[in-house]
Amino acid sequence: AQTVTQSQPEMSVQEAETVTLSCTYDTSENNYYLFWYKQPPSRQMILVIRQEAYKQQNATENRFSVNFQKAAKSFSLKISDSQLGDTAMYFCAFMKQGQGAQKLVFGQGTRLTINP
Amino acid sequence: DGGITQSPKYLFRKEGQNVTLSCEQNLNHDAMYWYRQDPGQGLRLIYYSQIVNDFQKGDIAEGYSVSREKKESFPLTVTSAQKNPTAFYLCASSTGPRRTRNEKLFFGSGTQLSVL
């Protein structure tokens, strides 16, 4: 079974700073996807970024980028030039690739607060 | 607009009562999922369905039941056997068995269930 661990329950930074959220996972699979989801106070789950394990290049989406270290089973999220709207819970998630249901396994989440 | 609709947004359950949470999608997705979120925690999988008339238990299925009579609909019933039903419930969908290169889950806006 896969497990996902987020070791930082809460983080807080000033607006415009850069912040990195940590995520580690455990799996025996070789092909999989990793995700970061954002959950603002509205509680809507919003996909931030997605990484395919077979790709060595780290995914980026505007101010959001990941540091994917497959051998270390590490998948951190970097938010550059943080904005007040980035305040939210952030969840790291794992999905096995291949046939079968596209089930997500989630970490416990990191509550990120951006201060003005 | 295509998406996932969950209703109601808030639901209250009396002792010994069964309640049903609605989830409808118009994304033409084959697979649908129900997740439970407790305060300050990640999401845990309750049930999932890959195709119509078929569904499987997730990690915390006890006290819950589902049906999948139509592709668009995947209602979740919280039975009286679920002794701690207070939680936020999220429905999601994905392409399912017909895999794509853009694997990800789409989420509804959730239902908060509380016990009276």
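What you are looking at is a predicted structure, and each value in this text was computed from that prediction instead of being measured. (Residues numbered from 1 in each chain as written. Chains lettered and ligands numbered in written order. Predicted model: local features only at pLDDT ≥ 70, side-chain atom pairs only at ≥ 80, totals over all residues. Heavy atoms only, no water.)

Chemist: Looking at this model, I keep getting lost on unusual backbone geometry. Mind explaining?
Modeler: Apart from glycine, the bulk of residues carry a negative phi angle, and the bulk of peptide bonds sit in the trans form. Here B:Ser7 and B:Pro8 are connected by a cis peptide whose omega angle stands at -10 degrees. Looking at where B:Pro8 falls in the secondary structure, it is placed in the loop between β1 (4-7) and β2 (10-13). Backbone geometry at A:Asn62 places phi at a positive 55 degrees, although glycine is not the residue there. With respect to the helices and strands, the residue A:Asn62 is situated in the loop between β7 (60-61) and β8 (64-69). The exposure class of A:Asn62 is exposed, given its relative accessible area of 80%. The residue B:Asn28 is not glycine, and still its phi comes out positive at about 60 degrees. (Helix = DSSP H or I, 4+ residues; strand = E, 2+ residues; numbered from the N terminus. Buried < 20%, exposed > 50% of the residue type's maximum accessible area, 1.4 Å probe, protein only.)

Chemist: Is there a simple way to think about the state of the cysteines in this case?
Modeler: Here is the idea: a disulfide is a covalent bond, and it sits between the sulfur atoms of two cysteines. Residue and element names in this part refer to chain A. In this structure the tally under the stated criterion is 2 disulfides over all chains. Across a sulfur-sulfur distance of 2.0 Å, cysteine 23 and cysteine 92 are joined as a disulfide pair. The sign of the -70 degrees torsion about the S-S bond sets the cysteine 23-cysteine 92 disulfide as left-handed. Of the two residues, cysteine 23 sits in the loop between β3 (19-21) and β4 (24-26) while cysteine 92 sits in strand β10 (residues 88-96), which places them 69 residues apart along the sequence. By relative accessible area, cysteine 92 is classed as buried at 0%. (Disulfide = S-S within 2.5 Å.)

Chemist: Got a minute to help me understand the interface of chain A and chain B in this structure?
Modeler: Bring the parts together and some accessible area is lost; that lost area is often taken as the interface size. Each partner contributes to the interface: chain A provides 25 residues, whereas chain B provides 27 residues. Counting across the chain A and chain B interface gives 0 salt bridges. One can count 6 residue pairs in polar contact (both at pLDDT 80 or more) joining chain A with chain B. Ranked by the residues each element gives to the side of chain A that touches chain B, the list is headed by strand β5 (residues 32-39) of chain A, at 4 residues. In terms of residue class, the side of chain A that touches chain B is made up of 11 nonpolar, 9 polar and 5 charged. (Contact = heavy atoms within 4.5 Å. Salt bridge = Lys/Arg side-chain N within 4 Å of Asp/Glu carboxyl O. Polar contact = N/O pair within 3.5 Å; in protein donor to acceptor, adjacent residues only side chain to side chain. Nonpolar A, V, L, I, M, F, W, Y, C, P; charged D, E, K, R; others polar.)

Chemist: Would you take a moment to explain a nonpolar patch on the surface for this structure?
Modeler: Side chains of B:Tyr10, B:Phe12 and B:Leu116 sit close together on the surface and give an oily, nonpolar patch of about 380 Å² of accessible area. Structurally, B:Tyr10 is set in strand β2. (Patch = residues over 30% accessible without salt bridge, like charges linked within 9 Å, V, L, I, M, F, W, Y side chains within 5 Å. Areas by Shrake-Rupley, 256 points an atom, 1.4 Å probe, with all protein chains shown as cover.)

Chemist: What is the right way to look at the nonpolar core in this model?
Modeler: A general tendency of soluble globular proteins is for nonpolar side chains to be buried together. Grouped together as the largest cluster of nonpolar side chains are 25 residues, with contacts concentrated most on A:Tyr25, A:Trp36, A:Phe75, A:Leu77 and A:Tyr90. Only β3, β5, β6 (46-52), β8, β9 (74-79), β10 and β12 (110-115) of chain A provide two or more residues apiece to this core. The contact partners of A:Tyr25, leaving out residues within four places of it in the chain, are A:Thr3, A:Val4, A:Tyr32, A:Leu34, A:Phe68, A:Gln69, A:Lys70, A:Lys73, A:Ser74, A:Phe75 and A:Phe94. A:Phe106, B:Leu43, B:Leu90 and B:Ala92 belong to the second largest nonpolar core, which has 22 residues in total. (Core = buried A, V, L, I, M, F, W, Y, C linked by side-chain atoms within 4.5 Å.)

Chemist: Explain the side chain of B:Arg68 to me, please; I cannot follow it from the model alone.
Modeler: Residue and element names in this part refer to chain B. The residue arginine 68 is located in the loop between β7 (64-66) and β8 (76-78) in this model. Aspartate 30 provides the closest opposite charge to the buried, salt-bridge-free arginine 68, at an N-O distance of 6.0 Å. A distance of 2.8 Å separates the side chain of arginine 68 from the side chain of serine 49, its partner in a polar contact. (Lys, Arg positive; Asp, Glu negative; His and termini not counted.)

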